[in-house]
Amino acid sequence: MERPIFKPIGTPAEELDTPSLIVDVDALDHNISTVASFFSDRTAKLRPHVEAHRTPAIAHKQLAGGGHVGGIAVSSIGQAEVFVPNGFSDVFVANLVVTPQKITRLCALARQAKIGVAVDSPANVADLSEAAVANGACLDVAVYVNTRLGLYGVEAGASAIELVKAVIDAPGLEFAGIMTNEGSILADDPNEAAAESRSAIQPLLDTRQDIERAGIEVRVVSAGGTSNYQVVGAIDGVTEVPAGSYALLDAQHAPHLPHLKTAGRVMSTVTSRPEPGYMITDGGQKAIGADTGFPSIDNLPNPTVKGLSAEHGSIYFDETDGVDPKLGDRIWCTPWDAATCANLHDYIFAVRNDALESVWEVSARGRYR
């Protein structure tokens, strides 16, 4: 863990050390209230997926905003082990948990809070059941249905029904419902994106009908995310949407969700000007992340990110735009993927009106297991 150089509350944002992940609290609150308001009067509710920021302070804000199912989603047992002691009593692990060590940890958590998990195979169901009984625990289980991505999940229809029946027959397990992960759908044409989302969700809805025709109640139908929450949250039959990136709003989602605001940005410093129209900053992959895309540069006209090395950012700009960054100037960028970026930082610096208001620990960073 880094040894942060903390500044007093009230310090101007640009006097903080760099590179730093800085969250505008007003923008964060706007995003949380906007998305919560969408779900407040709908049957489908939000389940904040906290992997997008890994920060209990932000997750508490999301639940305080309303419009949710009463709990959160995480991607690993390690993340759940952070959030449960921080006061979260309903946690769904939106992943497959298969190794004996992880299953034992899952059952230990289930003695402290309501814990859910996804399954896509009878063997995993049997292992979870055996461990739950041995540990005196009860696990909520959602059958993972493969729809669009093809990564994992049981096939819709008969295969899903067979697995649901296996869950129902397994002691120590409580059948909760079905889920899918159709991934981010970010077409430039909103109508095209909406049509693709509905097409991806339909096999899940058809499977729900098949299960209910077999006389089995389906409490949870989970689908969607930040990219399509407005579409999926309005589909009859969906009960919850595990969205998370909306809180900080990264560069990949921002152009498609203009009603939300960019809340999480990385502030870096110009460290070198090796040639005209070109600069080096101290914001590289270790501070911003570049696994799936480059960040946007927010306070320069027409910039081009040449690349990010471990510790440096290489940025071209057009001097005819009237800009001439000096050594020590601050460069602000929005990461392409909020979750990847948050996972790189031990602390988030929360600012309001460009002044430091609080420092939040990113407690679940690096919790992969």
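Q: Quick one: what's the story with helix 5 (residues 122-134), residue by residue and with numbers?
A: Here helix 5 is 13 residues long and its end C-alpha atoms lie 18 Å apart, about the 18 Å a rise of 1.5 Å per residue gives. Taken as a whole, helix 5 has its buried residues at N124, V125, L128, S129, A131 and A132. On its buried side, helix 5 packs onto helix 4 (100-110), strand 5 (114-119), strand 6 (139-146), helix 6 (158-169) and strand 8 (173-179).

Q: Describe the packing of aromatic side chains, with residues and values.
A: Evaluated as defined, the whole model comprises 6 aromatic pairs. Seen from their ring centres, F38 and F39 are 5.0 Å apart, and the 90° between their planes marks the pair as edge-to-face. Accessibility assignment for this pair places F38 and F39 in one class, buried. On the basis of an interplanar angle of 35° and a centroid distance of 6.0 Å, the ring pair of F39 and Y229 is categorised as tilted.

Q: For helix 2 (residues 56-64), give the residues involved together with the corresponding values.
A: For helix 2, the complete set of buried residues consists of P56, I58, A59 and Q62. Viewed along the axis of helix 2, the buried residues span an arc of 155°, placing them on a single side of the element. On its buried face, helix 2 is in contact with helix 1 (25-40), helix 3 (77-83), strand 17 (347-352) and strand 18 (355-361). Phi turns positive one or two residues past the end of helix 2, at G66, with a value near 85°.

Q: Explain empty space enclosed by the protein to me, using residue names and the numbers behind them.
A: Using the criterion set out here, one finds 3 cavities of 30 Å³ or more in the structure. The computed volume of the largest cavity comes to approximately 50 Å³. T281, I288, I297, I315 and C333 are, among the 13 residues lining the largest cavity, the residues nearest its centre. In terms of residues, the lining of the largest cavity owes the most to one element, strand 16 (residues 330-334), which gives 3 residues. The residue makeup of the lining of the largest cavity, split by class, is 10 nonpolar, 3 polar and no charged. Surrounding the second largest cavity, Y144, V145, N146, T147, R148, L149, G150, L151, Y152, T180 and N181 form its lining. For the lining of the second largest cavity, the residue count by class is 5 nonpolar, 5 polar and 1 charged.

Q: Now, about a nonpolar patch on the surface: what can you tell me, with residues and values included?
A: On the surface, L149, L151 and Y152 cluster together into a nonpolar patch covering about 280 Å² of accessible area. Looking at the secondary structure, you find L149 in the loop between strand 6 and strand 7 (154-155). Accessibility expressed as a relative area gives 37% for L149, which makes it partly exposed.

Q: Describe in detail unusual backbone geometry, supporting the description with residues and values.
A: Along the chain, T18 connects to P19 via a cis peptide bond; the corresponding omega equals -5°. Relative to the elements of secondary structure, P19 occurs in the segment before strand 1 (20-24). A positive phi is found at N302, a non-glycine position, where the angle reads about 55°. Position of N302 among the secondary structure elements: in the loop between strand 13 (296-297) and strand 14 (304-308).

Q: How would you explain the pattern of salt bridges if you had to name every residue and give the values?
A: As enumerated under the stated definition, the model contains 19 salt bridges in all. Notably, a salt bridge pairs D29 with R352, separated by 3.9 Å at the nearest N-O pair. Here D29, found in helix 1, pairs with R352, found in strand 17; they are 323 residues apart in sequence, far enough to count as distant. Using a relative accessible area of 27% as the deciding quantity, one classes D29 as partly exposed. Its relative accessible area of 27% is what places R352 among the partly exposed residues. Across the pair R42 and D41 runs a salt bridge whose closest N-O atoms are separated by 3.7 Å. The structure contains a network of salt bridges with shared partners spanning D26, D29, K61, R352 and E357.

The rules behind the values
- Residues numbered from 1 in each chain as written.
- Predicted model: local features only at pLDDT ≥ 70, side-chain atom pairs only at ≥ 80, totals over all residues.
- Heavy atoms only, no water.
- Helix = DSSP H or I, 4+ residues; strand = E, 2+ residues; numbered from the N terminus.
- Expected span 1.5 Å × (residues − 1).
- Buried < 20%, exposed > 50% of the residue type's maximum accessible area, 1.4 Å probe, protein only.
- Contact = heavy atoms within 4.5 Å.
- Phe/Tyr/Trp six-rings, centres within 6.5 Å; stacked < 30°, edge-to-face > 60°.
- Arc of directions from axis to C-beta.
- 1 Å grid on protein atoms, 1.4 Å probe; cavity = no way out; pocket = protein on both sides within 12 Å on 5 of 7 lines; lining within 4 Å.
- Points joined across faces, edges and corners; volume = space filled by probe spheres on them.
- Nonpolar A, V, L, I, M, F, W, Y, C, P; charged D, E, K, R; others polar.
- Patch = residues over 30% accessible without salt bridge, like charges linked within 9 Å, V, L, I, M, F, W, Y side chains within 5 Å.
- Areas by Shrake-Rupley, 256 points an atom, 1.4 Å probe, with all protein chains shown as cover.
- Salt bridge = Lys/Arg side-chain N within 4 Å of Asp/Glu carboxyl O.

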